Amino acid sequence: MKKVYVFLADGFEEIEGLAVVDLLRRADIEVRTVSISNDDFVTGSHNIVVKCDTLFQEESFEDAQMLVLPGGMPGTKSLQEHEGLGKLLLKFHEDKKWLVAICAAPSVLGHYGILQGERAVCFPGFEDKLHGATIGERKVEVSHHIITSKGMGTAIDFGLMIIAKLRSEEVSRQVKDSILYEK
């Protein structure tokens, strides 16, 4: 079974990372949280400690169908500086596999040139880091194999869009209804 990997670094925005994990698991999508440090435990930007499912160096990611980057600071900066993750993102882009990022994290995709010619959104103030992208207006933008979203307040919309793309619009709607979410 293909998996979704959510990459966590100290200083990640907890809701952006964990809401996605929660929603995808409700949709029966296999999700693994990945620490990019040498520790299973990652501390979010609001001092919530999360035990990740795996460490970056323990995975081959051969079974991955999607890579997810939550925002938050300094988590986003750490994601961008992780050499192995950078290589993985570029390989996924080359293979046209799903790359998704929210809040400040689309800037990581911009840093690697992945957003060139794509439509993307991010947390206000990071637009200049989306190198080559056309800045969209929606809460969540889908452009080919890339999904981006604006921030913590759009995390549920972001998660539901991921479900729609990996499973179906119907499953996304079922999850939305089950959590009593109204737009």
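All chains use their own residue numbering, which begins from 1 and follows the written sequence. Side-chain atom pairs in this predicted model are given and counted only at pLDDT of 80 or more, local residue features only at pLDDT of at least 70, and totals for whole chains, interfaces and linings cover all residues. Hydrogens and water are ignored here; the side-chain numbers use all heavy atoms of the structure.

Draft legend 1. Spotlight on the packing of helix 5 (residues 155–166) against helix 6 (residues 169–178). Lines fitted to C-alpha atoms define the axes, with helix axes restricted to the stretch in contact, and inter-axis angles between N-to-C directions lie between 0 and 180 degrees. The numbering of helices and of strands both runs from the N terminus, where a helix is a DSSP run of H or I of at least 4 residues and a strand a run of E of at least 2. Remark: helix 5 packs on helix 6, axes separated minimally by 7 Å, with the N-to-C direction vectors making an angle of 145 degrees. Our pair here, helix 5 against helix 6, has a crossing hand that is right-handed. Note on element contacts: helix 6 touches helix 5 through E169, V171, S172, V175 and K176, opposite L160, I163 and A164. In terms of residue class, the contact of helix 5 with helix 6 is built from five nonpolar, one polar and two charged. Left-handed is the label given to a crossing in which the near helix is rotated counterclockwise from the far helix by less than a right angle, and right-handed is the label when the rotation is clockwise. In what follows, residue pairs with any heavy atoms lying within 4.5 Å of each other are defined as contacts. Classification convention: Asp, Glu, Lys, Arg as charged; Ala, Val, Leu, Ile, Met, Phe, Trp, Tyr, Cys, Pro as nonpolar; all other residues, Gly among them, as polar.

Draft legend 2. Molecular detail of the sheet that holds strand 5 (residues 54–55). Two strands qualify as a pair provided DSSP detects at least 2 bridges between them. Pairing is mixed across the open sheet formed by seven strands, whose spatial order is 5-2-1-6-7-11-10. The sheet is open, and its two borders are formed by strand 5 and strand 10 (140–143), each paired with just one other strand. Pairing of strand 1 (residues 3–8) with strand 6 (residues 64–69) involves four bridges; the strand directions are parallel. Note that in strand 6 the partner of V6 across the bridge is V68. Contacting strand 1, strand 6, strand 7 (98–102) and strand 11 (146–149), helix 3 (residues 83–94) runs over the sheet at an angle of about 125 degrees to strand 6. Together, strand 1, strand 6, strand 7, strand 10 and strand 11 form the strand contacts of helix 5, whose direction differs from that of strand 7 by roughly 170 degrees.

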